[in-house]
Amino acid sequence: MNLMKKILTAAVASAMIAGTAQAAISNNEVRIGYLADMSGTYRDLAGPNGLTALQMAIEDFGGQVHGAPIRVLSADDRNSADVASSTVRQWVERDNVDMVAGMVASSVTLAAVRILEQNDKLGIVSGSAASSITNEHCSPNHIHYVYDTYPLAHGTAQAVVQEGGDSWFILTADYAFGHALEADVEKVVLENGGRVIQKVRHPFPTSDFSSFILQAQSSGASVVALANAGSDTTNAITTAGEFGLTQSGQTLAALLLFLTDVHALGVEAAQGIQLTTGWYWDMNDETRAWSDRFMEKTGVRPTMVHAGIYSSTLHYLSAIEATGTDDTQTVRRHMMDTPINDMFAQNGIIREDGRMIHDMYLAQVKTPAESQNEWDLYNIVRTIPAEEAYRPLSESQCRLVNN
Amino acid sequence: MSMIFGVPVAVLSGQLLLGLINGAFYALLSLGLAVIFGLLKIINFSHGAFYMLGALLTVVLFNTLGVNYWMALFLAPLIVGIVGVLVEYFLLRKIANEDHIYSLLLTFGLALVIQGVLTNIYGVSGMRYAIPEVFRGGVNLGFMFLPYYRAWVIVAALVVCFGTWFMIEKTKLGSYLRAGTENSKLMQAFGINVPLLVSLTYGFGVMLAAFAGVLAAPIYSVTPVMGANILIIVFAVVVIGGMGSIIGAIVTGLAMGVIEGLTKVFYPEAASTVIFLVMVLVLLVKPAGLFGKEA
């Protein structure tokens, strides 16, 4: 009888252990949803090649985590918050997706992370720029990984003001990202003793910038800042060149430029432009080695977003491996407790507001004489230390931060 | 400096000129749409794709074969025109007697296919095409710096627009065209090859789009999606001008360019909306459009 009792107890106990081990990875599978603009204005900076970066991370991790297979779903958000909402809702409610990666247009991201929070799933934002994502819109369910408007403004705007550009004309893309960037830039300009003469908001997307460039020219500002992204920025830079904006003594400052934008513009048109980036493919042996593998698969050099998607996915999978669960809060806690050291970041730390802070770089586009090949585009002028680059927690409006 | 509503007159005149230049693009594109709708009753939703093809061909022909701008100005529209004739012959002709909605859906689907395939090949970051040597630089007009190329755009567009209007409204060929669509049986009885006329008209309409595309290549970033962005605006222009009205398309195109340009000064946030606002107002007051004939 006593023996029987012991056997039964042991059986129940082992069943419970087995049970919890199984339940640790929900559905016995880790499911990652990749959400990005796959066909529109922001396709090239993340898009299908971002999915390749994500799959590279999974391959490098061995194809499975803690014994469970990894499945990837992907969708085109078409830069629409509505499409993003319905996709993410379907993913978390029907397909049991554990983590959503990618996310580019800030308006899309804000819509997606709201649904992730309602369902307690994780979002790792790599493409978006708005600093509000981890400020007033922070949540315990998302991480902002690659960059945001705060370092963009601090890196580039500060450099330009210190070089003597004291009166600013800001041309802003009229949506969440543009507004956030405009606000961050204005703050930096004022703090450094400059002033903002005029702010103009253009519809997103705009193909003809001649009218805005003309307004910038007649404003008399010494700096014309572009608080927009993607083809809006490249179109504006081309038009500025056509209308002789820089020849007439005004400085052009593009606040967000991706490698793919500079590549599209060409060094001839883009030479000398200063920009802030979170990563560049040609920084050291590690970045070059990864970029070569990426280029073999895609035919292009990776942007900071591509590298960030790869790095953040590895970091996420490592956290599942270490904790043995895909439970959102356990994984997020472990990701925050573990510094990130890979080809993307050195001593990268995820703060309590969800912001991953790491060193940023002030870069300058090479001249045609300096550039050795079509992707040899940047000189790194200055490394901006992580603590200086990102909004300090003491200024945070995030509800997760005790201020 | 004298001011109008707080904006210096010099700035305003610059914006008016730029508006006119943008309007020239709208005019060229809506003219092609109006010709195709007016004569063939086809709502051509692939017009934007043909505009994009014109621009893309200009860049690709230059990059691969070294074809220069002037050659491209003839070659690209010609190639696109031939594609247009083939589309009409093999696809649109099959549904010529069906409701308008069929041609709308067919051309819309076609545009998505062309755009999707080319996006896969070329990406969306955009390709650059250098402004031709003779048009480098510009002239200072006192109130603005006018790049020579923009001046050329408006001249070229107006010449082509006027030529098209003249051909359709004032020449014998034009009268055949108009008669052929009015009563094709009677025209065929007179020994005129109406199906050929129809094919050529469609080809000509999309040639106009491709021509606008070539003009756009040096100043806008050339991407497979550039046509989709402009198409809806151009449709609004055609509706405002009166579906199928040739002169309506030209005048409205220029006028909408100017209105959009002024909006960019006074309330830039609404620049992408203002044309649709005008469309709503025009439809309420004059449902057939400004130059349209009441049915």
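Details of the structure are given in the entry above.
Predicted model only: the values in this text are computed from it and were never measured. (Residues numbered from 1 in each chain as written. Chains lettered and ligands numbered in written order. Predicted model: local features only at pLDDT ≥ 70, side-chain atom pairs only at ≥ 80, totals over all residues. Heavy atoms only, no water.)

## Let's talk about the overall build of chain A
Okay, so step 1: Within chain A one finds 13 helices and 15 strands.
Okay, so step 2: For 403 residues, the compact-globule formula gives about 22 Å, and the C-alpha radius of gyration of chain A, at 23 Å, lands near that figure.
Okay, so step 3: By principal-axis analysis of the C-alpha atoms, chain A measures approximately 100 × 45 × 35 Å.
Okay, so step 4: Relative to its full complement of 403 residues, chain A shows a buried share of 60%.
Okay, so step 5: If you take every contact in chain A between residues at least 6 apart in sequence, the share linking residues at least 24 apart comes to 69%. (Helix = DSSP H or I, 4+ residues; strand = E, 2+ residues; numbered from the N terminus. Rg over C-alpha atoms; globule rule 2.2 N^0.38 Å. Buried < 20%, exposed > 50% of the residue type's maximum accessible area, 1.4 Å probe, protein only. Contact = heavy atoms within 4.5 Å.)

## Topic: the pattern of salt bridges
Residues and elements named next belong to chain A.
Okay, so step 1: Evaluation of the coordinates by the stated rule reveals 25 salt bridges over all chains.
Okay, so step 2: Between R355 and D148 there is a salt bridge, with the nearest N and O atoms lying 3.1 Å from each other. Here D148 lies in the loop between β6 (142-144) and α5 (149-162) and R355 lies in the loop between β12 (349-350) and β13 (356-357), a separation of 207 residues in the sequence.
Okay, so step 3: Exposure remark for R355: the relative accessible area of 1% places this residue in the buried category.
Okay, so step 4: In this structure, the salt-bridge partner of D292 is R301, at a minimum N-O distance of 2.8 Å.
Okay, so step 5: The exposure class of D292 is partly exposed, given its relative accessible area of 38%.
Okay, so step 6: Given the relative accessible area of 11%, R301 is considered buried. (Salt bridge = Lys/Arg side-chain N within 4 Å of Asp/Glu carboxyl O.)

## Looking at the nonpolar core
Okay, so step 1: One finds I32, L35, Y147, W168 and Y316 of chain A to be the most contacted residues of the largest nonpolar core, which totals 223 residues.
Okay, so step 2: Counting residues per element, this core draws most heavily on helix α1 (residues 9-40) of chain B, which supplies 15 residues.
Okay, so step 3: Each of two domains, domain 1 (30-147 + 284-353) and domain 2 (150-277 + 360-384) of chain A, supplies a minimum of three residues to this core.
Okay, so step 4: Setting aside residues no more than four positions away along its own chain, Y316 of chain A makes contact with V30, I32, D98, M99, L122, I124, V331 and M335 of chain A. (Core = buried A, V, L, I, M, F, W, Y, C linked by side-chain atoms within 4.5 Å. Domains from an automatic or database assignment.)

## Some remarks on α5 of chain A
Residue and element names in this part refer to chain A.
Okay, so step 1: Between its first and last C-alpha, α5 extends 19 Å over 14 residues, near the 20 Å set by a 1.5 Å rise per residue.
Okay, so step 2: Burial analysis of α5 places 12 of its 14 residues in the buried class, which makes it a mostly covered element.
Okay, so step 3: Turning to α5, its buried residues number three or more, namely T149, Y150, P151, L152, A153, H154, G155, T156, A157, A159, V160 and V161.
Okay, so step 4: Between a side-chain oxygen at the N-terminus of α5 and the backbone nitrogen of Y150 the separation is 2.8 Å; the capping residue is D148. (Expected span 1.5 Å × (residues − 1). Polar contact = N/O pair within 3.5 Å; in protein donor to acceptor, adjacent residues only side chain to side chain.)

## Things to note about the sheet that holds β6 of chain A
All names here are of chain A.
Okay, so step 1: Strand order in this open sheet of six strands is β2-β3-β1-β4-β5-β6, and the pairing throughout is mixed. Two strands bound the open sheet, and with one partner strand each, they are β2 (64-65) and β6.
Okay, so step 2: In terms of strand pairing, β2 meets strand β3 (residues 68-76) through two bridges, oriented antiparallel. Following the sheet pairing, V65 is matched in β3 by A68. (Pairing = 2+ DSSP bridges.)

## A closer look at empty space enclosed by the protein
Residues and elements named next belong to chain A.
Okay, so step 1: Within this structure, the stated rule accounts for seven cavities of 30 Å³ or more.
Okay, so step 2: Approximately 80 Å³ is the volume found for the largest cavity.
Okay, so step 3: Lining of the largest cavity is provided by 14 residues; of these, Y42, V104, G127, Y147 and L256 occupy positions nearest its centre.
Okay, so step 4: Looking at side-chain class alone, the lining of the largest cavity contains 11 nonpolar, three polar and no charged residues. (1 Å grid on protein atoms, 1.4 Å probe; cavity = no way out; pocket = protein on both sides within 12 Å on 5 of 7 lines; lining within 4 Å. Points joined across faces, edges and corners; volume = space filled by probe spheres on them. Nonpolar A, V, L, I, M, F, W, Y, C, P; charged D, E, K, R; others polar.)

## Quick notes on the interface of chain B and chain A
Quite often, the size of an interface is put as the accessible area lost when its parts meet.
Okay, so step 1: At the interface, 28 residues of chain B touch 27 residues of chain A.
Okay, so step 2: In total, about 2500 Å² of surface goes out of reach between chain B and chain A, with carbon and sulfur atoms giving 53% of it.
Okay, so step 3: Considering only the side of chain B, the residues that lose the most area to chain A are S125, R128 and K264 of chain B, jointly responsible for 24% of the buried surface there.
Okay, so step 4: Linking chain B with chain A are two salt bridges, by the criterion used here.
Okay, so step 5: With a closest N to O distance of 3.1 Å, R150 of chain B and D208 of chain A form a salt bridge. (Buried area = accessible area lost by both parts, 1.4 Å probe.)

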